[in-house]
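# Descriptive analysis of the structure
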Amino acid sequence: MANSGHEQAAHDVSGIINQRISEKITFLHQIEEAVKEHQDRKIYQLLDNQRYAKEIEHREQQPNNQGVMSLVDDITNYLSNFLSVNLINYLGKKYPFFYYEEYETGHYRIYFGNWWDRRQFGELDVLNIRFLFNDDEYGKLKKTFELAHDNKRFNSDKIDKISAENDRLQDLIDHQREREEKRSKLQEQLKNVSSRSGIWESNKNKESRQNLVDALQKLEEEEEESRTAAQTIKDNEQVVLSLSKENTILSYEQKSILDTFGSFEDFELANRNLYASYIKSLSDYQEKQVTDDEQ
């Protein structure tokens, strides 16, 4: 009886093994056929059946069988490269301002625009059909849209602050002669006050003398700053130029989004719905292909 029980257990285990192997073979065969026929929609379904069921078929699904899906882990870069052809073609129409660079097999950088000094905006995740935007760059663009409600640009406050600082520094340069004259008068006054000082110097005299010392110190600080003011102004002008260029780039990006989507909110909505929109476009395309073949 014991031997019979052991045989039954072995039989049960072999059945599980055969079933699991069969599942793996079936999965790999389905991937192979989908690649052979360039059925991108089917590949996406096989790679993430749970998400496909939820977003495309609108039904809840059991968790993905990771033990089967992990069989293609070592070729995901190649699958990404393979699937990128139709996806980037689709994105070129829906997001005409984005450009892509494959910097290694299956990995793509996103660039915003084809103008000078365009920005690297993030990466394209082909297998998950999503944009991985650079947080800093995306934040600048979002802030640009927010500031537009007040007719302001991204770097307006920074530019205004630097411009005001340059005006102050230029004023220091322009009034050097006045400072010299004021210094001479203050030094003469200090000399007179000091000559009246003694052991029993009055509080009023002490206060007057300290005020004169403070005024002379302030003049000296202004003079010291004026010596480097010209170079500081030049450096600030370069910063303003850089900030103005960034404003220009952001305005190009803003206009591109408005021309394509109408608003930043609709742009964000399209990004959130990108997976479903693209898969649906593949289904429509394949249905059209079948119809054309039948005619």
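Just so it is clear, the model here is predicted, and its values are computed rather than measured. (Residues numbered from 1 in each chain as written. Predicted model: local features only at pLDDT ≥ 70, side-chain atom pairs only at ≥ 80, totals over all residues. Heavy atoms only, no water.)

Turning our attention to helix α10 (residues 264-272). Of all the positions in α10, only F264, F267, E268 and N271 are classed as buried. The buried residues of α10 occupy one face: seen down the axis, they fall within an arc of 95 degrees. In α10, those exposed residues whose orientation departs by more than 90 degrees from the buried face are E265 and R272. (Buried < 20%, exposed > 50% of the residue type's maximum accessible area, 1.4 Å probe, protein only. Helix = DSSP H or I, 4+ residues; strand = E, 2+ residues; numbered from the N terminus. Arc of directions from axis to C-beta.)

Two numbers describe how helix α6 (residues 135-148) lies on α10: the axes approach to 10 Å, and their chain directions differ by 145 degrees. The residues of α10 that touch α6, namely those facing Y138, L141, K142 and F145, are F264, F267 and E268. Taken together, the residues of the contact of α6 with α10 break down into 5 nonpolar, no polar and 2 charged. (Axes fitted to C-alpha atoms, helices over the stretch in contact; angles between N-to-C directions. Contact = heavy atoms within 4.5 Å. Nonpolar A, V, L, I, M, F, W, Y, C, P; charged D, E, K, R; others polar.)

Taken together, the side chains of V13, I17, I21 and I25 make up a nonpolar region of the molecular surface, amounting to roughly 350 Å² of accessible area. With respect to the secondary-structure elements, I21 resides in helix α1 (residues 2-36). For I21, a relative accessible area of 41% corresponds to the partly exposed category. (Patch = residues over 30% accessible without salt bridge, like charges linked within 9 Å, V, L, I, M, F, W, Y side chains within 5 Å. Areas by Shrake-Rupley, 256 points an atom, 1.4 Å probe, with all protein chains shown as cover. Salt bridge = Lys/Arg side-chain N within 4 Å of Asp/Glu carboxyl O.)

To continue, consider the sheet that holds strand β3 (residues 119-125). One open sheet holds the 4 strands; their spatial order is β1-β2-β3-β4, and the pairing between them is antiparallel. In the strand order of this sheet, the two ends are held by β1 (98-104) and β4 (130-133), each with one partner. Between one strand axis and the next, the sheet turns through 35 degrees on average, direction left out of account. Direction of pairing for β1 relative to strand β2 (residues 107-112): antiparallel, over a ladder of 6 bridges. Paired with E101 across the strands is R109, a residue of β2. Of the strands in this sheet, β1, β2, β3 and β4 touch helix α5 (residues 76-94), which is tilted by about 25 degrees from β2. (Pairing = 2+ DSSP bridges.)

This is a description of form; function is not addressed.
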